[in-house]
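# Observations on the three-dimensional arrangement
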Amino acid sequence: MQLDILASSDWDRPIYFVAAGSEGTLSLEPYLQMDGLAYRLVPISTPGRNFLTYGRIDTDTLWTRMMETFQYGRMEQPDVHLDYYNIRTLSVIKLRNKFFRLASELLAENRRDSAILALDRCMELMPHPKVPYDAFVPPLARTYFRCDEQEKGLEIMRKHVDLLVDDLAYYYDLKREYRTTLDYEIRLSLQLLQEYNNIAMESGQEEITQEINEEFNNYYQRYLQERQ
């Protein structure tokens, strides 16, 4: 059925895929364009992508969808509760990553002011702890630095690094038999600390680079010792 639709469409109507990177997209990922929460099939090849970067971007289209058309249901307001399933859905659809990709593409087009607005909208919609910081947050901090918004980048970095260090301190305060069940969480926290260390070095933030490096080395050595 899919092949028949593709063969007979002749580009008269847009064809969209909900997700990329699965059998359902028939290996057409190089010909997808991310238009928001779905991927449009286009006759333009954009190879070399992965699950975080599938789909080329038309900044005007994505800006209109993400910044003007989509309604977010007052999700950022204090009187709106986001339960586990809401937060998980935001992670599954990679909403933070979509704003990051829009901002990165705008910056590449020398549209710095628009890139900052996209990042600001992302942080406004998904502040911590309303939507807990996750692995999609460090790229936002990096892009703020690249936009010369040092204070905003540092604010995100310091808050997230403190949270990661608190998590690691909690994990290593547990008995080892319990800690072994948290191997993924420990490795992810270490990975994110290392990513922030790289961002801080790239951005010339010497003081926080040293702080992050010390915390990372401390917990990484403890992690290695338990596996010897």
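Heads up: the structure comes first, above all this text.
Cut-offs applied
- Residues numbered from 1 in each chain as written.
- Predicted model: local features only at pLDDT ≥ 70, side-chain atom pairs only at ≥ 80, totals over all residues.
- Heavy atoms only, no water.
- Helix = DSSP H or I, 4+ residues; strand = E, 2+ residues; numbered from the N terminus.
- Buried < 20%, exposed > 50% of the residue type's maximum accessible area, 1.4 Å probe, protein only.
- Contact = heavy atoms within 4.5 Å.
- Areas by Shrake-Rupley, 256 points an atom, 1.4 Å probe, with all protein chains shown as cover.
- Lys, Arg positive; Asp, Glu negative; His and termini not counted.
- Charge placed at Lys NZ, Arg CZ, Asp CG, Glu CD.
- Disulfide = S-S within 2.5 Å.
- Axes fitted to C-alpha atoms, helices over the stretch in contact; angles between N-to-C directions.
- Parallel < 35°, antiparallel > 145°, perpendicular 65-115°, else oblique.
- Left-handed = near helix turned anticlockwise from the far one by under 90°.
- Nonpolar A, V, L, I, M, F, W, Y, C, P; charged D, E, K, R; others polar.
- Phe/Tyr/Trp six-rings, centres within 6.5 Å; stacked < 30°, edge-to-face > 60°.
- Pairing = 2+ DSSP bridges.

Attention now moves to the overall build of the chain. Along the chain, the regular secondary structure elements total ten helices and three strands. When the helices and strands of the chain are read in sequence order from the N terminus, they spell out α-β-β-β-α-α-α-α-α-α-α-α-α. By principal-axis analysis of the C-alpha atoms, the chain measures approximately 60 × 40 × 40 Å. Classification of the 228 residues of the chain by burial places 39% in the buried group. Counted over contacts in the chain with a minimum sequence separation of 6, partners at least 24 positions apart contribute 61%. Within the structure as shown, the chain displays about 13300 Å² of accessible surface, and the carbon and sulfur contribution to it stands at 49%. Charge-centre separation for the chain: the mean point of 26 positive side chains lies 3 Å from the mean point of 37 negative side chains.

We now examine the state of the cysteines. Under the counting rule described, the total for this entry stands at zero disulfides. Cys147 supplies the cysteine sulfur nearest to Cys122, a cysteine that is in no disulfide, at a spacing of 13 Å. Judged by its relative accessible area of 0%, Cys122 is buried.

Below, the discussion takes up the packing of helix H4 (residues 95–108) against helix H6 (residues 138–146). Contact pair H4 / H6: the axes reach a minimum separation of 10 Å and the direction vectors enclose 20°. With respect to H6, the element H4 is oriented roughly parallel. Considering how the two elements wind past one another, H4 and H6 form a crossing that is left-handed. Contact with H4, carried on its side by Arg96, Phe100, Ala103, Ser104 and Leu107, involves Pro139, Leu140, Thr143 and Arg146 of H6 and no other residues of that element. Its residues placed into classes, the contact of H4 with H6 shows five nonpolar, two polar and two charged.

Before going further, it helps to examine the environment of Gln205. In this structure, Gln205 sits in the loop between helix H9 (183–202) and helix H10 (206–225). Accessibility expressed as a relative area gives 16% for Gln205, which makes it buried. Distance in space between the C-alpha atoms of Gln205 and Ser9 is 53 Å, their sequence separation being 196 residues. Each residue touching Gln205, except ones within four places of it in the same chain, is listed here: Phe145, Gln150, Leu154 and Ala200.

Counted by the stated rule, this structure contains five aromatic pairs. Ring centres of Tyr84 and Tyr85 lie 5.1 Å apart, and the angle between their planes is 80°; this geometry places the pair in the edge-to-face category. Look at Tyr84 and you get exposed, because its relative accessible area is 54%. A ring pair is formed by Phe216 and Tyr220, whose centres lie 5.3 Å apart and whose planes are at 10°; its orientation type is stacked. With Phe216 and Tyr220 both in helix H10 and four residues apart, the pair spans about one turn of that helix. The buried category is assigned to Phe216, whose relative accessible area is 11%. On the accessibility criterion, Tyr220 (32% relative accessible area) is partly exposed.

Attention shifts here to the sheet that holds strand E3 (residues 39–41). Taking strand neighbours across the sheet as the criterion, the three strands line up as E1-E3-E2 in an open arrangement whose pairing is antiparallel. In this open sheet, the two strands that pair with only one neighbour each are strand E1 (16–17) and strand E2 (32–34).

Shape is all these values report; function is a separate question.
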